[in-house]
Amino acid sequence: MPADYASILADIAERVKQRDFQTARNADYIPALAAVPGDRFAMVIRDVNGAEYSTGDADIPFSIQSVSKVFALVLALRSCGEELWQAVRREPSGSAFNSLILLEQEEGIPRNPFINAGAIRVCDMISSRFANPDRSVAEFLGRLSSNPDIRADNDVYLSEDQHGNRNRAIAYLMKSFEKLDNPVEAVVRTYFKQCAIAMSAREMARATLFLANQGIGIDGNMVLSPAETRRINALMLTCGMYDGVGDFAFSVGIPAKSGVGGAIIGVIPGEFSVCVWSPRLDARGNSAAGIAALEMLIEAIGRSVF
Ligand code: DON
């Protein structure tokens, strides 16, 4: 019997409302994110047959932040192919997403494409290949979610640009090792713009579907080959939740990617994509209610990728 996602989601929303996530906090190192109401909650499932189920604030746009790193990687892979893996490794970092320590020890080669260093290097590759790199990820997400109006929120962009010293430090460190091809300021601008993209949970679940559907997007077009799609899912499973990745695999057990705007995307390949959004974050920078909701989902359907 297929799972009754509509009532599972309604039940999750109710249980999340009753839980106390008061120790969790909105990200405030990007001031524009601190202003978002912390009790917002949305969850959307899109299955591979095209059915969609949602609960809560499913159509309210939020800042996608690091969730963008998955789509930037896919876009870069489509134009660079295997060459990309010379520039970025594929190991979990076990440290904070914006840490500089490993980057110094490993001579400017990022551990994986989902820590900030790796995503900045991916932006560098996009900058070398696309005529309008600052808009390329937004346009790609517009195509994947069938909403051509998707774009960066300028307030969030400016907020991040003004408080972006750590990301600039990461980019300059890579540049010092001659591991960045383009000027630092151009690359971080592209990176901040992609992080500032605003989308709803519904749009995000739609854009993510290809990762559950062997690379085929909601419009039936192939976004990525099935083999490369499996690799992206492997990277999300091992590197998508930063230094919380082990606990998340243990308690939820699906490929997923979080962002400090409070979104988490995930997939069960062959079944569905899911996006959950709630802005308050745990100590590792992952949505506290989002992780709880995904645990409830997995418990309700009784399976994960394991
Ligand atoms: O670069 C940053 O710090 C943010 N634009 C993105 C960080 C992020 O979303 C990490 N997620 N957990």
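An unreviewed UniProt entry annotates the chain as Glutaminase originating from Thalassospira marina. Of the comments in the UniProt record for the chain, the one headed Subunit (unreviewed entry) reads "Homotetramer." In the Sequence similarities (unreviewed entry) part of its UniProt record, the chain is described as follows: "Belongs to the glutaminase family."

Novice: How would you explain the overall build of the chain if you had to name every residue and give the values?
Specialist: Counting its regular elements, the chain contains 14 helices and seven strands. Computed over its C-alpha atoms, the radius of gyration of the chain comes to 18 Å, within 12% of the 19 Å expected for a compact globule of 306 residues. If one aligns the C-alpha atoms of the chain with their principal axes, the spans along those axes are about 55 × 40 × 35 Å. Looking at the chain residue by residue over its 306 residues, the buried ones come to 57%. Contacts spanning at least 24 positions in sequence make up 69% of the contacts within the chain whose residues lie at least 6 apart. Summed over its atoms, the accessible surface of the chain is roughly 12400 Å², and 48% of this surface lies on carbon and sulfur atoms. Side-chain charges in the chain split into 30 positive and 36 negative, and the spacing between the mean points of these groups amounts to 2 Å.

Novice: Talk me through the site of the ligand; I want residue IDs and the actual numbers.
Specialist: For the ligand, the set of nearby residues contains 15 residues, the closest of which are Tyr29, Gln65, Ser66, Glu160 and Tyr191. A distance of 2.3 Å separates a nitrogen atom of the ligand from a polar atom in the side chain of Glu160. Take Asn167: an N or O atom from its side chain is 2.8 Å from an oxygen atom of the ligand. Relative to its unbound accessible surface of 340 Å², the ligand loses 100% to contact with the protein. Taken together, the residues of the shell around the ligand sort by class into seven nonpolar, seven polar and one charged.

Novice: I'd like to hear about the side chain of Arg121, residue by residue, with values.
Specialist: Positionally, Arg121 belongs in helix α6 (residues 116–129). With a relative accessible area of 10%, Arg121 lands in the buried category. Only 2.7 Å separates the side chain of Arg121 from the side chain of Asp124, close enough to count as a polar contact. The residues touching Arg121, leaving out its near neighbours within four places in the chain, are Ala87, Val88, Pro110, Met174, Lys179, Leu180 and Asp181.

Novice: Summarise helix α1 (residues 5–18); cite the residues concerned and give the values.
Specialist: Three- or four-residue spacings in an α-helix give side chains the same orientation, since the helix completes a turn every 3.6 residues. Along its 14 residues, α1 runs 20 Å from first to last C-alpha, staying within 8% of the 20 Å computed at 1.5 Å per residue. Those residues of α1 that fall on the buried side of the exposure criterion are Tyr5, Ile8, Leu9, Ile12, Ala13 and Val16. Projected onto a plane normal to the axis of α1, the buried residues spread over an arc of 135° and lie on a single side. The exposed set on the far side of α1, more than 90 degrees from its buried face, consists of Lys17 and Gln18. Looking at the buried residues of α1, the elements they touch are β1 (42–47), β2 (52–56), β7 (272–277) and α14 (288–301).

Reading the values: the criteria
Numbering of residues starts from 1 in every chain and runs along the sequence as written. Thresholds applied to this predicted model are a pLDDT of at least 70 for local features of residues and 80 or more for the giving and counting of side-chain atom pairs; totals over whole chains, interfaces and linings are not thresholded and use all residues. As a rule here, side-chain values cover all heavy atoms of the structure and leave hydrogens and water aside. UniProt positions are given in the numbering used here, feature names are shortened, and annotations may be inferred rather than shown by experiment. Put simply, DSSP marks the helices as runs of H or I at least four residues long and the strands as runs of E at least two long, and each gets a number from the N terminus on. The reference for a compact globule is 2.2 Å times residues^0.38; the radius of gyration itself is calculated from the C-alpha atoms. Think of it in three bands: residues with accessible area under 20% of the maximum for their type are buried, residues over 50% are exposed, and the middle band is partly exposed, with areas taken using a 1.4 Å probe on protein chains only. By definition in these notes, contact holds between two residues if any of their heavy atoms fall within 4.5 Å. Per-residue and other accessible areas were derived by the Shrake-Rupley procedure at a 1.4 Å probe size, with only the shown protein chains allowed to occlude residues. For the purpose of charge, His is not counted, nor are the chain termini; Lys and Arg are scored as positive and Asp and Glu as negative. All charge positions are set by atom: Lys at NZ, Arg at CZ, Asp at CG, Glu at CD. In this text, near means that some heavy atom of the residue lies within 4 Å of the molecule or strand in question. Identification of polar contacts relies on pairs of N or O atoms within 3.5 Å, with a donor-acceptor requirement for protein atoms, meaning one able to donate a hydrogen and the other able to accept it, and with residues adjacent in sequence counted only if both atoms are side-chain atoms. Three residue categories are used. Nonpolar comprises Ala, Val, Leu, Ile, Met, Phe, Trp, Tyr, Cys and Pro, charged comprises Asp, Glu, Lys and Arg, and polar comprises the others, including Gly. In this scheme, a helix's expected span is set at 1.5 Å multiplied by one less than its residue total. Regarding the arc, it is the one traced by the directions from the helix axis to the C-beta atoms.

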